[in-house]
Every structure is written in C-alpha cells, then in structure tokens.
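Descriptive structure summary
The primary structure of each chain is shown beneath.
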Amino acid sequence: MSTTQSSMISIRVNNLEKENFKLLSILENRPVSQMVKDLVERELKSKKLSSVDIRKLSKEARNALLLKLSEEAIPVYNKYKDELTVDETGDGIV
C-alpha cells in the first residue's frame, strides 16, 4: 500500500500582491498553485548551474538534480552515440 504525502508552502503577501495573484489566475484560467509550480519549473530549466552551485546543494537535492539531468541527457547521448565513437585501426590511427 502506498501513501501520497503532500506538503504545503505558504508565502506572505500583501493585499495588492494577493489580488495580482488572483487576477492572473483568472486571466490564465488556472489555479494559483499551478501557475507558481509552472513558474518554478520554467526558472529551474533555464538556470545554468555550475559545479560549485551543485556542490552547495544538500545531498538529497544534489542527487535528485543529477538524476534529472541524467534522464534528460541519456536520450540525446543515445541519439548521437554512433557519431561519438571513433573506429580505430590496428595502429590506433584512423
């Protein structure tokens, strides 16, 4: 039997910001929570992380990020795998 865990995040906003969230939600015809999730995903995809940035992450976050990056990179690698290999002759020169 598997259980689904849900965690909530709350942010403090003033009334004007709250109304802006509601307005955008109505205009996009999507819940505020989904808009925030999409925004976070889009920002993370466009962010270029250096090795120093990755090392600063917690072990769990680092493992999750590296797994995600690997899952995205493997299909591209497999697509161009033949072009990446170099045939060698007996003397090691192509």
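Computed from a predicted structure; not experimentally measured. (Residues numbered from 1 in each chain as written. Predicted model: local features only at pLDDT ≥ 70, side-chain atom pairs only at ≥ 80, totals over all residues. Heavy atoms only, no water.)

Okay, a nonpolar patch on the surface next. The grouping of Val 76, Tyr 77, Tyr 80 and Leu 84 at the surface amounts to a nonpolar patch, some 390 Å² of accessible area in total. Judged by its relative accessible area of 41%, Tyr 77 is partly exposed. (Patch = residues over 30% accessible without salt bridge, like charges linked within 9 Å, V, L, I, M, F, W, Y side chains within 5 Å. Areas by Shrake-Rupley, 256 points an atom, 1.4 Å probe, with all protein chains shown as cover. Salt bridge = Lys/Arg side-chain N within 4 Å of Asp/Glu carboxyl O. Buried < 20%, exposed > 50% of the residue type's maximum accessible area, 1.4 Å probe, protein only.)

Applying the stated criterion across every chain yields a total of 2 salt bridges. Where Arg 30 meets Asp 38, a salt bridge forms, and the shortest distance between an N and an O atom there is 3.2 Å. Taking the relative accessible area as the measure of exposure, Asp 38 reaches 27% and is therefore partly exposed. Salt-bridge contacts for Lys 68 lead to Glu 41; the nearest nitrogen and oxygen are separated by 3.6 Å. Residue Lys 68 is located in helix H4 (residues 59–79), and its partner Glu 41 is located in helix H2 (residues 32–46); the two are separated by 27 residues in the primary sequence. The exposure class of Lys 68 is partly exposed, given its relative accessible area of 31%. (Helix = DSSP H or I, 4+ residues; strand = E, 2+ residues; numbered from the N terminus.)

Moving on to unusual backbone geometry. Positive phi values are uncommon outside glycine, yet Asn 29 reaches one of about 55°. According to the relative accessible area criterion, Asn 29 is exposed, its value standing at 69%.

An α-helix turns once every 3.6 residues. As a result, residues three or four positions apart point the same way. Taking 1.5 Å as the rise per residue, H4 with 21 residues should run 30 Å; its terminal C-alpha atoms sit 30 Å apart, in good agreement. At Ala 73, H4 shows its largest bend, some 30°, and a proline, Pro 75, comes one to four positions later. (Expected span 1.5 Å × (residues − 1). Bend = angle between axes of the 7 residues up to and from the residue.)

Glancing now at the confidence of the model for the protein. When pLDDT is averaged along the protein, the result is 86; 89% of the residues meet or exceed 70. Helix H5 (residues 81–84) is the least confidently modelled element of the protein, averaging 82 in pLDDT, while helix H1 (residues 15–28) averages 93, the highest of any element. (pLDDT = per-residue confidence, 0-100.)

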